[in-house]
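Spelled out from the first residue to the last, the chains are:
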Amino acid sequence: MTSSFDHNSDGELRELFGTVTPPVSDDGFSRRVVQEVQSSLWKRRVVLSVAAFAGLALAAPAVTELLLYVSAQFQQLTNMAMGLLQG
């Protein structure tokens, strides 16, 4: 799906909706919510990064073993193919 966006429309929309309702005084509630969401987002990113590295560390030996096994099987297969071609 292709869409074009006119950057002037953003300012026009803000102007249009800015005059509809004045800002509501919330004694800093909105600011606190935004800070909590940002803090929560930062924590999630750290936890996800740590979990990804831990998973990688746990999986690395098994992946290495799998790659060595596949490599050995491939080597046997190529040796068999070369033997068939030569003989």
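The structure we're discussing is the one just above.
Here's what I pulled together on the structure shown here.

The rules behind these values
- Residues numbered from 1 in each chain as written.
- Predicted model: local features only at pLDDT ≥ 70, side-chain atom pairs only at ≥ 80, totals over all residues.
- Heavy atoms only, no water.
- Helix = DSSP H or I, 4+ residues; strand = E, 2+ residues; numbered from the N terminus.
- Rg over C-alpha atoms; globule rule 2.2 N^0.38 Å.
- Buried < 20%, exposed > 50% of the residue type's maximum accessible area, 1.4 Å probe, protein only.
- Areas by Shrake-Rupley, 256 points an atom, 1.4 Å probe, with all protein chains shown as cover.
- Lys, Arg positive; Asp, Glu negative; His and termini not counted.
- Charge placed at Lys NZ, Arg CZ, Asp CG, Glu CD.
- Expected span 1.5 Å × (residues − 1).
- Bend = angle between axes of the 7 residues up to and from the residue.
- Patch = residues over 30% accessible without salt bridge, like charges linked within 9 Å, V, L, I, M, F, W, Y side chains within 5 Å.
- Salt bridge = Lys/Arg side-chain N within 4 Å of Asp/Glu carboxyl O.

**Here's the deal with the overall build of the chain**
No. 1: Within the chain, the regular secondary structure consists of two helices and zero strands.
No. 2: Here the C-alpha radius of gyration of the chain, 30 Å, is well above what a compact globule of 87 residues would show, namely 12 Å.
No. 3: Taken along its principal axes, the extent of the C-alpha atoms in the chain is 90 × 35 × 10 Å.
No. 4: Residues counted as buried form 1% of the 87 residues belonging to the chain.
No. 5: Accessible area of the chain: about 8,400 Å², with a carbon and sulfur share of 66%.
No. 6: If the 6 positive side-chain charges of the chain are averaged to one point and the 8 negative ones to another, these points end up 11 Å apart.

**A few points about helix α2 (residues 29-86)**
No. 1: Over its 58 residues, α2 runs 80 Å from end to end, which matches the ideal 86 Å to within 8%, given 1.5 Å per residue.
No. 2: The largest bend in α2 amounts to roughly 40 degrees and is located at Ala-59, with the proline Pro-61 lying one to four residues further along.

**So, a nonpolar patch on the surface**
No. 1: There is a patch of nonpolar side chains on the surface, built from Leu-13, Leu-16, Phe-17 and Val-20 and spanning about 410 Å² of accessible area.
No. 2: Locating Val-20 in the fold gives a position in the loop between α1 (7-18) and α2.

**Here we look at unusual backbone geometry**
No. 1: One non-glycine residue with positive phi stands out, namely Asp-27, at about 55 degrees.
No. 2: The residue Asp-27 is located in the loop between α1 and α2 in this model.
No. 3: The class for Asp-27 is exposed, based on a relative accessible area of 71%.

Limitation: the analysis is restricted to geometry and does not speak to function.
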